Amino acid sequence: MILLIMTFSLCGGIACVVLMRRNHSKLIGLLGFLGLLGFISITYAAFIEPQIIVVTKVSITHPLAEPMKIAVVSDPHVGPYKGKPFLRRVVKKLNGLLPDLVLMPGDFVFTRSADPSELAPFADINAPLGTFAVLGNHDVGEYQSLIGKRYSGKDRGEKIAQKLEEFDVTVLRNEHDLLQLTNSNIAVAGIDDLWTGHHDLAASLSGISSDTYTILLSHNPSVIDEPHSDSAHLIVSGHTHGGQLRIPGIGPLTTLPTSLGKQFDQGIFELEEDRALAITRGIGESSSRTRFFAWPEILLIEVNPTL
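Bear in mind that the values here come from a model prediction, so they are computed numbers and not experimental data.

Draft legend 1. Here's a closer look at helix α4 (residues 157-166). By the burial criterion, the buried members of α4 are G157, I160, A161 and L164. On an axial view of α4, the arc spanned by its buried residues comes to 100 degrees, and they lie on one face. For α4, the exposed residues lying more than 90 degrees away from the buried face are E158, K159 and Q162. Residues of α4 that are buried in the fold lie against β7 (170-171). D168, located one to two residues past α4, shows a positive phi value of around 65 degrees.

Here it is, written out as structure tokens:
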């Protein structure tokens, strides 16, 4: 479909330019310009921007925190658009950032037939505190159509989680791990995707003391609507893709698949009582293979103690 639209735009633009030269019509010239502009924009959005990998650096502070760098890589959506070659580039750039901890908030596959072995480059991630992940809605067969209708498919969560564990990625399913830092512990908790109804915030956070800096990994940022999320100091999510299609100064062109509204599209959001929500726009695409002013990103969060 993208190729058909590109062909139509290019042919229409060229035809209008030819007609303008013959008739000297400004209207035809404008249509020709718009056709060629459409061709260039679609080519860029479908074949160029999705291959660009940017690093977005943000800083947060918290009284319980120790200095550390957290890299977030979300929504690879391996399948027809992304695979091992792209992920190798991601991992190379990721390792160059020297993160202490890597978090991956889900949607590792795109289509039902996508091969999880395409995630093999993640085995080369270097992070002293480890690499932790949760599953996303695509991984467990929960989808949303372009018109916002939800539907279910095959749940491949167990197979994907098993494959990630083979690649030294710890998958958290309503549980947490305690990690030792220089002077304290931090907790990394993770839940199953909200759309499955199988998430259990209470179980994932159970047993974590109130004086432990706690990170909650949830594919869907709508988790902040749930009361138990108040126990986490930093909530890390993906899912939105930043809208995937954006206009500078306006924001996402599409409705985001969350309960939070377009204002929670990407970036760091300060919540009440020294809490923060981090939403990354991820590195892959779903629906169409296009990104426009929503470059694939590695989100690098620098966490520091409050002075």
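Draft legend 2. A look at the sheet that holds β7. The sheet built from 6 strands is open, its strands ordered β1-β16-β2-β3-β4-β7 with mixed pairing. At either margin of the open sheet sits one strand with a lone partner, and together these are β1 (54-62) and β7. Here 9 bridges tie β1 to strand β16 (residues 297-305), and the two strands are oriented parallel to one another. Looking across to β16, one finds that T61 is bridged to N304.

Draft legend 3. Representation of a negative patch on the surface. On the surface, a cluster of negative charge is contributed by E165, D168, E175 and D177. Judged by relative accessible area, D168 falls into the exposed class, the value being 59%.

Draft legend 4. Highlighting unusual backbone geometry. Backbone geometry at D168 places phi at a positive 65 degrees, although glycine is not the residue there. Among the structural elements, D168 can be located in the loop between α4 and β7. Despite not being glycine, Q244 has its phi angle at roughly 70 degrees, a positive value. Mapped onto the elements of the fold, Q244 is located in the loop between β11 (234-237) and β12 (246-247). Relative accessible area serves as the criterion here: at 7%, Q244 is assigned to the buried category.

Draft legend 5. Focus on the sheet that holds β11. Overall, mixed pairing links the 6 strands, which are arranged β8-β9-β10-β11-β15-β14 in an open sheet. Each having just a single partner strand, β8 (175-180) and β14 (267-271) make up the two edges of the open sheet. Strand-to-strand twist across the sheet, computed as the mean angle between neighbouring axes with direction ignored, equals 20 degrees. For strand β10 (residues 213-217) and β11, the ladder comprises 3 bridges, and the chain directions are parallel. Residue I215 lies in a different strand from β11, and its bridge partner there is L234.

About the criteria used
Every chain is numbered independently, its residues counted from 1 as its sequence is written. Side-chain atom pairs in this predicted model are given and counted only at pLDDT of 80 or more, local residue features only at pLDDT of at least 70, and totals for whole chains, interfaces and linings cover all residues. Computation of side-chain values covers all heavy atoms of the structure but excludes hydrogens and water. When accessible area is computed with a 1.4 Å probe and restricted to protein chains, residues below 20% of their type maximum are described as buried, those above 50% as exposed, and intermediate ones as partly exposed. Secondary structure elements follow DSSP: runs of H or I of four or more residues count as helices, runs of E of two or more count as strands, with numbering from the N terminus. Directions are taken from the helix axis to each C-beta atom, and the arc is the one they span. Any two residues having at least one pair of non-hydrogen atoms within 4.5 Å are treated as being in contact. One bridge is not enough; two strands pair if DSSP finds at least two bridges between them. Exposure above 30% relative accessible area and the lack of any salt bridge qualify a residue for a patch; like charges then connect within 9 Å, and the nonpolar side chains Val, Leu, Ile, Met, Phe, Trp and Tyr within 5 Å. To be clear on the numbers: accessible area is Shrake-Rupley with a 1.4 Å probe, and residue cover counts the displayed protein chains and nothing else. We define a salt bridge as a side-chain nitrogen of Lys or Arg found within 4 Å of a carboxyl oxygen belonging to Asp or Glu. Only four residue types enter the tally: Lys and Arg on the positive side, Asp and Glu on the negative side; His and the chain ends are excluded. Charge positions come from single atoms, namely NZ of Lys, CZ of Arg, CG of Asp or CD of Glu. Lines fitted to C-alpha atoms define the axes, with helix axes restricted to the stretch in contact, and inter-axis angles between N-to-C directions lie between 0 and 180 degrees.

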